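# Descriptive analysis of the structure
Spelled out, the chains give:
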Amino acid sequence: MKDFVAKVQEAFQFLKSRLEEMPKIAVITGTGLGAIGESFDANVTIDYLDVPHFPSPTVVSHRGMMRFGKMAHRSVVVMQGRVHLYEGYAPWQVTFSIRVLQALGVQNLILLNAAGGINPAFAPGDIMVIVDHINLTGSNPLVGPNVDQWGPRFPEMTDAYHKALISKVEKAATDAGVQIKRGVYAGLIGPCLETPAEVRFLRLIGCDAVGFSTVQEVIAAAHAKMKVVALSVITNVHDPEHPAPVRVEDVLKTAESGMSKIKAVLESVINSIDDTATG
Ligand code: HPA
């Protein structure tokens, strides 16, 4: 664990030496959504591969670039792509970026992902704001000795998805004419897609969407007392009574087509965040 803390410190020092201004807001893009990072003028761009110890994505739809700059007059970093447990990365590696962002002083975290629909009322292309999650990955990034300087041994999860930020997202969506759903996200380890029986199970336990990311990051961010909001693009909807294969090409295409809706919401939410607040 000490090793992990030292590695985060090294990554932090590397970034600090390259940045004039520390971001208070971070956006992590997901499958098919990396281009969001290109829609604003970054003044510093850093490849994950150049940052000491920073894990690098192995899946093509995740670019592995950090872009630092201004969005809606706020200092922002957009992390284009993430790593997942299914790539073979350990939970501490999956949440390495969160610890580095914590060290940089990031207080607001906006997570984006592509997810499969479990709620039958959802349609491909829908945007869902995550109001809660069920961690079914079988792992947790906080297992092991607690790093007290990062957060408490038993962090609270009742407000892991920040209610005021969720309201800001919903207002931003309404203002932009984007319909937005709310729902519970099931985090699975992947990489195989869900069986029809698993889909029935996920419905039964109250999940609206399913994916292979986000929950580890949210747990680490809750530990770090960051304000988190997470948006899913629903790329496909599972029907366990008429199961149909999920095609990765379709997931990517639908995620990309959901990008304009996400972008419309994102800028307005960032604009509404008071990045001088510390509470
Ligand atoms: N399952 C898991 N992850 C996903 C899916 C899905 O159906 N669609 C997009 N990401």
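It should be noted that the structure appears before, not after, this text.
The notes below deal with the structure included here. Nothing here was measured: the structure is a model prediction, and the numbers come from that model. (Residues numbered from 1 in each chain as written. Predicted model: local features only at pLDDT ≥ 70, side-chain atom pairs only at ≥ 80, totals over all residues. Heavy atoms only, no water.)

So, about a nonpolar patch on the surface. Nonpolar side chains collect at one region of the surface, where L136, F201, L204 and I205 lie side by side and expose about 390 Å² of accessible area between them. Topologically, L204 is positioned in helix 5 (residues 196-204). (Patch = residues over 30% accessible without salt bridge, like charges linked within 9 Å, V, L, I, M, F, W, Y side chains within 5 Å. Areas by Shrake-Rupley, 256 points an atom, 1.4 Å probe, with all protein chains shown as cover. Salt bridge = Lys/Arg side-chain N within 4 Å of Asp/Glu carboxyl O. Helix = DSSP H or I, 4+ residues; strand = E, 2+ residues; numbered from the N terminus.)

Before going further, it helps to spend a moment on helix 6 (residues 215-223). Burial analysis of helix 6 places nine of its nine residues in the buried class, the great majority of the element. Taken as a whole, helix 6 has its buried residues at V215, Q216, E217, V218, I219, A220, A221, A222 and H223. Residues of helix 6 that are buried in the fold lie against helix 2 (91-94), helix 3 (96-104), strand 5 (108-117), strand 6 (127-135), strand 7 (180-187) and strand 9 (227-237). Directly beyond the C-terminal end of helix 6, a positive phi value near 60 degrees is found at K225. (Buried < 20%, exposed > 50% of the residue type's maximum accessible area, 1.4 Å probe, protein only. Contact = heavy atoms within 4.5 Å.)

Neighbouring the ligand are the residues A114, A115, G116, L193, E194, V210, G211, F212, T235, N236, H238 and V251. At a separation of 3.3 Å, a nitrogen atom of the ligand approaches a polar backbone atom of G116. Between the ligand and H238, the relevant distance is 2.7 Å, taken from an oxygen atom to a side-chain nitrogen or oxygen of the residue. When the ligand sits alone it has 260 Å² of accessible area, and the protein chains cover 94% of it. (Near = heavy atom within 4 Å. Polar contact = N/O pair within 3.5 Å; in protein donor to acceptor, adjacent residues only side chain to side chain.)

With that settled, consider the pattern of salt bridges. Tallied over the entire structure, the rule returns eleven salt bridges. A salt bridge links K7 to D3, with the shortest nitrogen-to-oxygen separation between them at 3.2 Å. Of this pair, K7 and D3 both sit in helix 1 (residues 2-18), separated by four residues, roughly a single helical turn. Since its relative accessible area comes to 48%, D3 is described here as partly exposed. The partner of R63 in a salt bridge is E38, and the shortest N-O contact between them spans 2.7 Å. Here R63 is found in the loop between strand 2 (42-47) and strand 3 (65-71), whereas its partner E38 is found in the loop between strand 1 (25-28) and strand 2, with 25 residues between them in sequence.

Estimates place the volume of the largest pocket at around 500 Å³. T31, Y86, A114, F212 and V251 are, among the 29 residues lining the largest pocket, the residues nearest its centre. Where the lining of the largest pocket is concerned, the elements lending two or more residues are strand 5, strand 8 (209-211), strand 9 and helix 7 (248-257). The residue makeup of the lining of the largest pocket, split by class, is 14 nonpolar, twelve polar and three charged. When its volume is computed, the second largest pocket comes out at roughly 250 Å³. Taken together, 13 residues make up the lining of the second largest pocket; nearest its centre are E156, D159, A222, K225 and M226. Its residues assigned to classes, the lining of the second largest pocket comprises six nonpolar, three polar and four charged. (1 Å grid on protein atoms, 1.4 Å probe; cavity = no way out; pocket = protein on both sides within 12 Å on 5 of 7 lines; lining within 4 Å. Points joined across faces, edges and corners; volume = space filled by probe spheres on them. Nonpolar A, V, L, I, M, F, W, Y, C, P; charged D, E, K, R; others polar.)

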